[in-house]
Amino acid sequence: MSNKKEPNVVALKKDNNYAWCACSESSNQPFCDGSHTKTDMQPIVFKAEDSKEAYLCGCKESKNAPYCDGSHLSI
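Since the structure is predicted, the reported quantities are computational estimates derived from the model, not experimental observations. (Residues numbered from 1 in each chain as written. Predicted model: local features only at pLDDT ≥ 70, side-chain atom pairs only at ≥ 80, totals over all residues. Heavy atoms only, no water.)

Peer 1: Got a minute to help me understand the pattern of salt bridges in this structure?
Peer 2: Side-chain pairs of opposite charge can arise whenever the charged atoms involved come near each other. On inspection of all chains with the given rule, the structure shows 1 salt bridge. Lys4 is the salt-bridge partner of Glu6, the closest N and O atoms lying 4.0 Å from each other. For Glu6, a relative accessible area of 42% corresponds to the partly exposed category. Given a relative accessible area of 32%, Lys4 falls into the partly exposed group. (Salt bridge = Lys/Arg side-chain N within 4 Å of Asp/Glu carboxyl O. Buried < 20%, exposed > 50% of the residue type's maximum accessible area, 1.4 Å probe, protein only.)

Peer 1: Just checking my understanding: could you explain the nonpolar core for this structure?
Peer 2: In this structure, Val10, Leu12, Tyr18, Trp20, Ala22, Phe31, Phe46, Ala48, Ala54, Leu56, Cys57 and Cys59 together form the largest nonpolar core, which totals 12 residues. Residue assignment for this core shows that the elements contributing at least two residues are strand S1 (8-12), strand S2 (17-20) and strand S4 (52-56). (Core = buried A, V, L, I, M, F, W, Y, C linked by side-chain atoms within 4.5 Å. Helix = DSSP H or I, 4+ residues; strand = E, 2+ residues; numbered from the N terminus.)

Peer 1: Looking at this structure, I do not really get the state of the cysteines. What am I missing?
Peer 2: Within the structure shown, the criterion is met by 0 disulfides. Residue Cys21 stays outside any disulfide, its sulfur separated by 3.8 Å from that of Cys23, the closest cysteine. Here Cys59 stays unpaired: no disulfide links it, and the sulfur of Cys57, its closest cysteine neighbor, is 3.8 Å away. Classification of Cys59 as buried rests on a relative accessible area of 4%. (Disulfide = S-S within 2.5 Å.)

Written as structure tokens, this is what we have:
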């Protein structure tokens, strides 16, 4: 699976736990589907602090993962 060059816009719900795919193998991008077991990588698990629209990294280069930091602009 290839990385996206733009963020994934998702609706997060306050206090829900999410697992952001860090390996690019998930078919449920930007969320983990367990495909990382074929790699040395692990998902980033996080809890939404608020219910809101969020921009989750699609290029997998963000220094603020799982959130987009604009790194895709230099790819």
